[in-house]
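The residues making up each chain are set out below.
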Amino acid sequence: MKRIFWAVLVVLLAVNFQSASAAGLIVVEPGKEAPDHILPPRPIPPPRPSPPIHHIPIRPALLPLETQQQKVDVTIREQIARTEVEQVFYNPNGQRIEGTFLFPVPKGAQIDKFTMDINGQPVQAELLKADKAKAIYEEIVRKLKDPALLEYAGRDLYKVRIFPIEPQEKKRIKLTYTQLLKEDQGLVEYALPLNPDAADKRTPLAIKVQIDSRTPLKTIYSPTHSVEVKRAGDRKATLGYEAGSSGNARNFQIFFARQTDEIGIQLLTQRDGDEGHFLLFLSPGQWEDKSKVMPKDVLFVVDTSGSMAGKKMEQARKALQFCVENLNDKDRFEIVRFSTETEPLFNGLRDVNKESRQKAQTFVEGLKPIGGTAIHAALQTALKLRPDATDRPFVIIFVTDGMPTVGETRPETIVQLVTSEVARKTRIFCFGVGHDVNTHLLDNITEQTRAVSTYVLPEEDLELKLSSFFARIKDPVLANPELKVKGNVTVKLLYPSPLPDLFNGDQLVVAGTFKGHGAVAIELTGQSGKSKKTITHEVTFPKSSNEYDFIPRLWAMRRVGWLMDEIRLRGENAELRDEVTDLARRYGIVTPYTAYLILEDEKQRGVPVASQTQNNFRLDAVAQAEAKDSWRRSKEDHSGSFAVSGARMNQQLRAQSVVGEALERNRAEAPLAASPAPATAAPQVPGVRVSGTVSAPAKSIHNPSSSSDYSQQNRYAGGRAFYQNGPVWTDALVQKQQAQSRRVQLTFASKEYFDLMQKHPEVKPWLALGNRVQFVLADTIYEVTE
């Protein structure tokens, strides 16, 4: 029997990942066709008898225009950005219609040049300044009863009337504009508004950004999308993003920094009250002078037990061959295979040259899966190969698909191997293949050595994962890095902590909290070859900053991941559980386990539920039992699908740099699923049956028709988490403050409604969620009703 609780997760986990759409959109009003005076004359039909009134056909409602193609090309030279947006719209209706094309100007953009054409013919777009554009936005909201455009209120607007749009006709619209980008504390920001409510969730979106700078590029970062960054030398980079059936509905945003220091240091902050949150970027960029890269010692320790037979062994061989060929010329390396016993290739570190590479390739080709799993002996052998005195990074890449079965098998004894002084100067990166690995053992080893574990599911490719990882850590530039803040600012709860090593072409994003304000010196120290390197950079923590509301949520995601790992690896207590529950509810961080904790907390406290589905969970004893068992097994199981799924989920949260996309990846965990889950499916938790799909939003700027089919969802908007109960979106703070707050009711699209938005612009993203919203503002709970 499929349970209601896990059906909740279908919608909770899917909501943050609506398909993205470039911001230009065509608004077609209900029932509005292209006027007759602009259409070819129609022949007059002969008269015919009027049918009985009950036979008079009813004209069907207009279908929304479909966006069939979206392509964005951006070129940035220094601080000048040229953006070209191309969209193809399709009229699926059997009648001619007219529409209005709207393009909100990016927030804060200084537009120098704007051109536009429709089906190759140039057109003149009307630029409406913010005060006049405000009236347009409000008129559309009133007529269509759809608040989706409110988020753009206060911006300039380009407007073009489009007529006629013939039945089954496509309109290709291309617009180009140039703008001067702003720079703050060394970070240059580019933003592209994306349509907040794309009607067609299958619409593909492709974005390409080329950056060309006269000064070396350091940080390149997008908080909104997982972009692929390809650097060409130290002054050029290309960013790419593509979304097919599932994209990210937030505005597309990137930051980049130009700096002459070897390692760039930049700061972003968000502050609301006494305490604030920050992101600190540490980036060496792409060094063209490889002489500054530190030579390293690398040990590849590979499990060749019988369980590695077949595809796993074949992929391991190919990955090792890739790694050997991509060692740097000044590196040293060794390969240790282990099963029932251990066997090193060279019996010591060997310089990288043609002869050693050839011998290694032959050794790897001859690896055969047979025997047991002597993890303790393999780690002992690897650690003994580290020279007593060395200034090189010492890296162990440890690959296994099983638990210790030969020799010392107690996990606590094996972990003690990596608590010595030698081990603390070693990085042990563990790759667990399949479900039959001891996640607690591997995670404790990597935690002791400033490294990370990677878990490769049975259907995933070990060769791809290991090769990609090695390419990233190929060129170390700073080992054992440490941060100090010198000034009247206190920082705490930094993640990641301790800091991992820095590598050429990579960057580290540190999230934390702060108190105080003013100019401070950020001091970054670490080992670079035989010498200790110190880099100091001046930054300013402001008294107030409210531009980047993604920062607190990103910090909270990392904090929740860390807390969940503390519970998983070291045991649960009330303080850890309560903090996870509070952060998950406040910031809308929904995983199968945080969702369970929130529901259990509300049940025990007897508070009103945020949604009807949560109430259903309270009434379903079997669903509660299943959820409770899943939570217990995620904490207690050291191996198996529950353990691997929990470890991966927490790891993704702890490493998160793109707000909202960790849950997207978690949806693909599905360790027991026979095939990948569709975009609308919930994450498959082992042993738990899942049912349900996500229904489309009830109303859309593209489809003003109402629907009673509301899905239970959560959204993060304007720095707040909102939960949907039927047609009502409720701020997570309402439940917490309802006892001590007064209530004010507002009618949707009324004068008072728009007056509140004018007086308090921060409510725009909340109002844009729907026609019925509840939110907290100061000491008041506002209820928007229709």
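Our subject is the structure that appears above.
For clarity, every value in this text was computed on a predicted model and none was experimentally measured.

Description of the overall build of the protein chain
For the protein chain, the helix and strand inventory stands at 19 helices and 37 strands. Sequence-distant contacts, at least 24 apart, represent 75% of the contacts inside the protein chain between residues at least 6 apart. Carbon and sulfur atoms provide 49% of the accessible area of the protein chain, an area that totals close to 33300 Å².

Focus on the sheet that holds strand 4 (residues 97-104)
Read from one edge to the other, the open sheet built from four strands follows the order 1-4-8-7, with strand pairing classed as antiparallel. Every other strand in the sheet has two partners, leaving strand 1 (25-27) and strand 7 (126-128) as the edge strands with one partner each. Taking the axes of each pair of neighbouring strands and ignoring which way they run, one obtains an average angle of 35° across the sheet.

A word on the environment of N488
Here N488 shows up in the loop between strand 26 (476-486) and strand 27 (489-495). Apart from residues lying up to four places away in sequence, N488 is in contact with K515, G516, H517 and V520.

Observations concerning the packing of aromatic side chains
Inspection of every chain in the model, using the stated rule, returns 23 aromatic pairs. Residues F89 and F101 carry aromatic rings whose centres are separated by 6.3 Å and whose planes lie at 75° to one another, so their mutual orientation is edge-to-face. Here the residue F89 occupies a position in strand 3 (residues 80-90), and F101 occupies one in strand 4, the gap between them amounting to twelve residues. Given the relative accessible area of 1%, F101 is considered buried. Measuring from ring centre to ring centre gives 5.8 Å for F278 and F541, while their planes differ by 90°; the resulting arrangement is edge-to-face.

A look at the pattern of salt bridges
Side chains carrying opposite charge are able to pair once their charged atoms draw close together. On inspection of all chains with the given rule, the structure shows 44 salt bridges. For the salt bridge of D443 with R568, the shortest nitrogen-to-oxygen distance reads 2.4 Å. Of the two residues, D443 is situated in helix 8 (residues 439-448) and R568 in helix 10 (residues 550-570); the sequence distance between them amounts to 125 residues. Grouping residues by exposure puts D443 and R568 together as buried.

Parameters and conventions
Residues numbered from 1 in each chain as written. Predicted model: local features only at pLDDT ≥ 70, side-chain atom pairs only at ≥ 80, totals over all residues. Heavy atoms only, no water. Helix = DSSP H or I, 4+ residues; strand = E, 2+ residues; numbered from the N terminus. Contact = heavy atoms within 4.5 Å. Areas by Shrake-Rupley, 256 points an atom, 1.4 Å probe, with all protein chains shown as cover. Pairing = 2+ DSSP bridges. Axes fitted to C-alpha atoms, helices over the stretch in contact; angles between N-to-C directions. Phe/Tyr/Trp six-rings, centres within 6.5 Å; stacked < 30°, edge-to-face > 60°. Buried < 20%, exposed > 50% of the residue type's maximum accessible area, 1.4 Å probe, protein only. Salt bridge = Lys/Arg side-chain N within 4 Å of Asp/Glu carboxyl O.

Shape is all these values report; function is a separate question.
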